Amino acid sequence: HTGGHARGVMPRGAAAAGDLDWRRSPRLEETLFQLFQLHDLNGNGWLEEDELVQLNSKVALLHRGQDVDLVAVREKYKTFFREKLNAKGLPVPYSVFRRYMLRTLDLVDPDMCTQEMIVEQFCSEAALTRSIFFDAPVNNNSKLIADISALLGIPSGFNCNRSPVGSCFFAGC
């Protein structure tokens, strides 16, 4: 895919593309875009099925530890992506992600402040997960990674980026 966007810069017309309600708060719009960027693991401006599966699998691992059924989690998010974002499993732009999120947030709670808090929590969870599994060098022997690995029972030297596990998104963990 070409024509991605620079990190931290909302794509031109993103707030209007597929807009469900033009009265959304600037804070909600910014936070939704941040959540999209956190899921866009390769930074190409598209949310790919595997990115969603990878991130959410890692979130599930953090929530449930080594007893999590990662095959089931991976299948859950693959199905989710195809049912909610793109039936063929093709990458989606921010506008599709935004439309889904706004519809879901409206069903959960119509209060704008509550929606902002929900998305902020998702961002915090995704950012923490990325910092542990994706952004930090996996084999750098840092105390944080060692402590978390020991807590979860992950073998020393385990490389999450080569794991057959998978990704994550808007998890109901």
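This is a predicted model, so every value here is computed, not measured. (Residues numbered from 1 in each chain as written. Predicted model: local features only at pLDDT ≥ 70, side-chain atom pairs only at ≥ 80, totals over all residues. Heavy atoms only, no water.)

A short note on the pattern of salt bridges
Just so we agree on the cut-off: We define a salt bridge as a contact between a side-chain nitrogen of Lys or Arg and a carboxyl oxygen of Asp or Glu at a distance within 4 Å. In this description a helix means any DSSP run of H or I spanning at least four residues, a strand means any run of E spanning at least two, and both kinds are numbered starting from the N terminus. Buried, partly exposed and exposed residues are distinguished by accessible area as a fraction of the type maximum, computed with a 1.4 Å probe on protein chains only: under 20%, between the cut-offs, and over 50%, respectively.
The tally for this structure, following the rule as stated, stands at five salt bridges. Between D106 and R24 there is a salt bridge, with its nearest N and O atoms 2.7 Å apart. Highlighted residues: D106 in helix α4 (residues 94-108) and R24 in the segment before α1 (26-39), separated in sequence by 82 residues. What makes D106 partly exposed here is its relative accessible area of 34%. Judged by relative accessible area, which is 8%, R24 ranks as buried. When the shortest N-O distance is used, the salt bridge between R27 and E120 registers 3.2 Å. With a gap of 93 residues between them, R27 in helix α1 and E120 in helix α5 (residues 112-135) connect regions that are remote in the sequence.

Observations concerning the nonpolar core
Test applied: For our purposes a nonpolar core is just a set of buried Ala, Val, Leu, Ile, Met, Phe, Trp, Tyr and Cys residues, chained together by side-chain atoms within 4.5 Å.
Membership of the largest hydrophobic core comes to 33 residues, with the highest contact counts inside it found for L32, L35, L47, L85, F97, M101 and V119. At the level of secondary structure, the elements contributing two or more residues to this core comprise α1, α2 (49-64), α3 (70-84), α4 and α5.

Considerations on the packing of α4 against α5
The cut-off we apply is this: All axes are obtained by fitting lines to C-alpha atoms, using only the stretch in contact for helices, and the reported angles, taken between N-to-C directions, cover 0 to 180 degrees. In what follows, roughly perpendicular refers to angles from 65 to 115 degrees, roughly parallel to angles under 35, roughly antiparallel to angles over 145, and oblique to any angle outside these ranges. Note on convention: the crossing is left-handed when the near helix lies turned anticlockwise from the far helix by less than a right angle, right-handed when the turn is clockwise. It only takes one pair of heavy atoms within 4.5 Å for two residues to be counted as in contact.
Where α4 meets α5, the axes come as close as 10 Å, and the angle between the chain directions of the two elements is 120 degrees. Between α4 and α5, the angle is such that the two are oblique. As for the relative orientation of α4 and α5, their crossing is right-handed in sense. Each of M101, L105, D106 and V108 in α4 lies in contact with α5, whose residues at this interface are Q115, I118, V119 and F122.

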